[in-house]
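Fold and contact review
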Amino acid sequence: MFLVILLGFSVMRVYGGESAGVADLVLSCVLVEDGAAHGGTGGGGGGGGFSRTPATLVLKDVSVGPDQSLEMLTPFIPASEPDPELVLIEATVSKPDIPNSDVLLHADCNGQEVTCEMSRFSPNDALKTPDQAFFMVSLSIEGVDFSASLILQTVTVEQPAQRHSKLGLPLSQSGSVQTEVIMVVYSNVRSLTAPLKGDVLLPCGFKQQDSPLAPDVHVEWRVQHRGKGRKVFEMKTPLEDTEGKAEILAERSDSSVSAERVLSEGNASLSMSKLKVADEGTYICTVTIGQFHSQQVIQLNVFQLPEVSLSDYRLALKSDTTLSCHSSKFYPLDAQIEWFSRGPEDTERVVFPGKASLSGHRRHGDGTLSLSSHLTVPHTVAPGTEITCVVSHPALHTPHSETATVKSPEPDSYWWVLGFLIITVLFFYQVMK
């Protein structure tokens, strides 16, 4: 297996009319080969099992929109003397193109790190020849909702100069391995957050050459969470399905992929409703056409806002009193409860000087959790003081607050009763005289 990891972002060559054009995107990479393929001790057992070689990947004919600034781009010039030891792969990406590729064009200028990973792709033996090879490339940008996986196929090189010493493939006169993109699987998001019991759409799309790679397309969605994986949805349909012959298996109820949009738009997005805590995880969209397949990975996080309440909102402190703050039915686990106070003459609240105690998390049947904090409020706290419970949670844009107010204690009812009895006795005494 080969992997390429981007070390830097290089130059581009641009050409075309004033309204639009194309650019060559050059990525500086590291080619990582399984040592077993080169007589190593094998098989992913440790760092010594892999060899790393600098490589360059040139994406040719990347579309440039009319609103793109091209003034700072410099042309890519290959070495005048081809070197069979250097790994230089050129890939034409015009048909199919890379959706949203404009974010790649100026990633370096925006200070964004581009990651490129490549693996040697091995279809069935019928497609293997000494001059034929396939590569799978994954592209992503740090902090940007962009991800694309490409399958490259080598193209015939007329009058090859020589063969590459490592890859064994014929080289062009400029010393590059010539390829073209034959399939793209992409997504415009890398992670999503959706509410419990709500709906979500996980975007995944694909493109292929004008001539279909195979008559059928197979779409599969799987999810992995906490070391366990399961299938969510699967569909197989003819690319020229005019009679509705799609085979669909939805292993999660209330999930779907539109067969019509798969065929008309290459849209394999997964729709799910009535989300549960168990739906959270890493979703893998795999699109297979004939012998070729590629994936996109999307992280889905489920949330539920906490319900916050106090045991009492008006405190008449005749003695030390326990005030409880309840944060109920929230998800995920990370909730924090703090206590603050503001006296009647204070302008800002401060951390309450007393020490609160926390209950253990209580898990409900739907996977949500509850947590309570208990605070002992001394009877010496001045009337008019506000005591505030503040709950922080990842699902909240700002912390949620609930406030109790200390009021002046009312006269004890015991003295009212005693006074009433005395007055009553005196009244009857006067009447009986």
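Note that the structure is predicted; figures quoted are calculated from it, not measured. Within each chain, residue numbers correspond to sequence positions counted from 1 in written order. Only residues with pLDDT of 70 or above have their local features reported here, since the model is predicted, and side-chain atom pairs are shown and tallied only from 80 upward, although totals for entire chains, interfaces and linings are computed over all residues. With hydrogens and water stripped out, all remaining heavy atoms of the structure feed into the side-chain values.

1. Some remarks on the sheet that holds strand S29 (residues 400-407)
In this analysis, strands are considered paired if DSSP registers two or more bridges between them. In this description a helix means any DSSP run of H or I spanning at least four residues, a strand means any run of E spanning at least two, and both kinds are numbered starting from the N terminus. An order of S21-S29-S28-S23-S24 is seen for the 5 strands of this open sheet, with the pairing classed as mixed. With partners counted over all chains shown, the strands left at the sheet margins are strand S21 (314-316) and strand S24 (350-351), one partner each.

2. Side note on the sheet that holds strand S10 (residues 191-195)
Think of a sheet as strands paired side by side through backbone hydrogen bonds, with each pair either parallel or antiparallel. Taken in spatial order, the 6 strands line up as S10-S19-S18-S13-S14-S15 in an open sheet, and their pairing is mixed. Edge positions in the sheet fall to S10 and strand S15 (247-250), since each of these pairs with one other strand and no more. Along the sheet, successive strands turn relative to each other by an average axial angle of 20°, direction set aside. The sheet contact formed by strand S14 (residues 228-238) and S15 spans 4 bridges and is antiparallel. With axes taken as lines fitted to C-alpha atoms, and helix axes fitted only over the stretch in contact, angles between N-to-C directions fall between 0 and 180 degrees.

3. Re the packing of aromatic side chains
For any pair of aromatic rings, the description consists of the separation of the ring centres together with the inter-plane angle of the planes. Pairs were defined over the aromatic rings of Phe, Tyr and Trp, the Trp ring being its six-membered one, requiring ring centres within 6.5 Å. Orientation was assigned from the angle between planes: stacked under 30 degrees, edge-to-face over 60, tilted for the rest. Scanning the entire structure with this criterion turns up 2 aromatic pairs. Judged by centre distance (5.9 Å) and plane angle (20°), the rings of phenylalanine 121 and phenylalanine 292 are stacked. Of this pair, phenylalanine 121 sits in strand S6 (residues 114-121) while phenylalanine 292 sits in strand S19 (residues 292-303), and the two are 171 residues apart along the sequence. The same class applies to phenylalanine 121 as to phenylalanine 292, namely buried. Relative to phenylalanine 292, the ring of phenylalanine 134 has its centre 5.3 Å away and its plane inclined at 55°; by these criteria the two rings are tilted. Pair noted here: phenylalanine 134 is in strand S7 (residues 134-141) and phenylalanine 292 is in strand S19, with a separation of 158 residues, a long-range link. Each member of the pair, phenylalanine 134 as well as phenylalanine 292, carries the same accessibility label: buried. Clustering of aromatic rings is evident, with ring pairs tying together Phe121, Phe134 and Phe292. Consider the ring centre and the ring normal. A charge sits over the ring if Lys NZ or Arg CZ is within 6 Å of that centre and within 35 degrees of that normal. Looking at arginine 349, its charged tip hangs above the ring of phenylalanine 340, at a distance of 5.0 Å from the centre. Relative accessible area decides the class of each residue, using a 1.4 Å probe on protein chains only: under 20% of the type maximum gives buried, over 50% gives exposed, and in between gives partly exposed.

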